[in-house]
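The primary structure of each chain is shown beneath.
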Amino acid sequence: EDKVVQSPLSLVVHEGDTVTLNCSYEVTNFRSLLWYKQEKKAPTFLFMLTSSGIEKKSGRLSSILDKKELSSILNITATQTGDSAIYLCAVGSGNTGKLIFGQGTTLQVKP
Amino acid sequence: EPEVTQTPSHQVTQMGQEVILRCVPISNHLYFYWYRQILGQKVEFLVSFYNNEISEKSEIFDDQFSVERPDGSNFTLKIRSTKLEDSAMYFCASSYSLNEQFFGPGTRLTVL
């Protein structure tokens, strides 16, 4: 059975800290790995990774995929209170666009 | 910036009733999806839709569920006879290709 596992499940840090969120997967017909940020309702897209070892970066956020280890990390540097959210990892499988989600990591950034 | 919209934001219904959840995907997108998230649980895939037909559906998407794209802009999810366990947040998503999907704000369905 396909599965996506995220760790840690929750994390509390202080503003300015750097955090690393982990995602591992066992998915047949891997197509891509995506990271989303979920604040109140809709997941908002952060990154899509398809190739191993190529870092994607957007401001203080960056992510990389390791296809050999079947995993990905999401780094957030110099965290701010606005980074508080649930971070979702999802793996695209097959050729229909189906996404398989992990359970999410809840990040709380304290002032 | 274009976005996916969903209506209603919250729907309360009695068990056994039919509900229709509506979505307007981003206008030039070709792939459409429904997901659900039961409170405290993972986001789960329900169905994907391309070229006016279902391309994949999950085990959750049984005969009680159906999807339709009745015109060039709307994408609907119908649940024929709701059960208590259908209570969840339902997200619509769309994508231009089999890449990043953009999600709507969700419809919270409460079945009493």
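Because the structure is a prediction, the values reported are computed rather than measured.

Considerations on the interface of chain A and chain B
At step 1: On the side of chain B, 20 residues touch chain A, which itself brings 19 residues to the contact.
At step 2: Across the chain A/chain B interface, buried area totals approximately 1,700 Å², and carbon plus sulfur atoms make up 62% of it.
At step 3: Taken as a group, Lys41, Thr96 and Phe101 of chain A account for 31% of the area that chain A buries against chain B, more than any other trio of residues on that side.
At step 4: At the junction of chain A and chain B, the tally comes to 1 salt bridge.
At step 5: Glu56 of chain B is the partner of Lys98 of chain A in a salt bridge, and the nearest nitrogen-oxygen pair spans 3.5 Å.
At step 6: Viewed at the interface, chain B and chain A are joined by 6 residue pairs in polar contact (both at pLDDT 80 or more).

Here's the deal with the sheet that holds strand β8 (residues 75-79) of chain B
Residues and elements named next belong to chain B.
At step 1: Judged by pairing direction, the sheet is antiparallel, and its 4 strands sit side by side in the order β1-β3-β8-β7 without closing on themselves. Only two strands of the sheet have a single partner each, and these edge strands are β1 (5-7) and β7 (65-68). Across the sheet, the axes of successive neighbouring strands diverge by a mean angle of 20 degrees, strand direction being ignored.

Looking at the state of the cysteines
At step 1: Taken as a whole and judged by the stated rule, the model has 2 disulfides over all chains.
At step 2: Disulfide pairing places Cys23 of chain A opposite Cys89 of chain A at an S-S distance of 1.9 Å. Its torsion about the S-S bond being -70 degrees, the disulfide of Cys23 of chain A and Cys89 of chain A is classed as left-handed. With Cys23 of chain A in strand β3 (residues 19-26) and Cys89 of chain A in strand β9 (residues 85-93), this residue pair connects regions lying 66 residues apart in the sequence.
At step 3: Taking the relative accessible area as the measure of exposure, Cys89 of chain A reaches 0% and is therefore buried.
At step 4: Between the sulfur atoms of Cys23 of chain B and its disulfide mate Cys92 of chain B the distance is 2.0 Å.

Each value, and the rule that gives it
Residues numbered from 1 in each chain as written. Chains lettered and ligands numbered in written order. Predicted model: local features only at pLDDT ≥ 70, side-chain atom pairs only at ≥ 80, totals over all residues. Heavy atoms only, no water. Contact = heavy atoms within 4.5 Å. Buried area = accessible area lost by both parts, 1.4 Å probe. Salt bridge = Lys/Arg side-chain N within 4 Å of Asp/Glu carboxyl O. Polar contact = N/O pair within 3.5 Å; in protein donor to acceptor, adjacent residues only side chain to side chain. Pairing = 2+ DSSP bridges. Helix = DSSP H or I, 4+ residues; strand = E, 2+ residues; numbered from the N terminus. Axes fitted to C-alpha atoms, helices over the stretch in contact; angles between N-to-C directions. Disulfide = S-S within 2.5 Å. Buried < 20%, exposed > 50% of the residue type's maximum accessible area, 1.4 Å probe, protein only.

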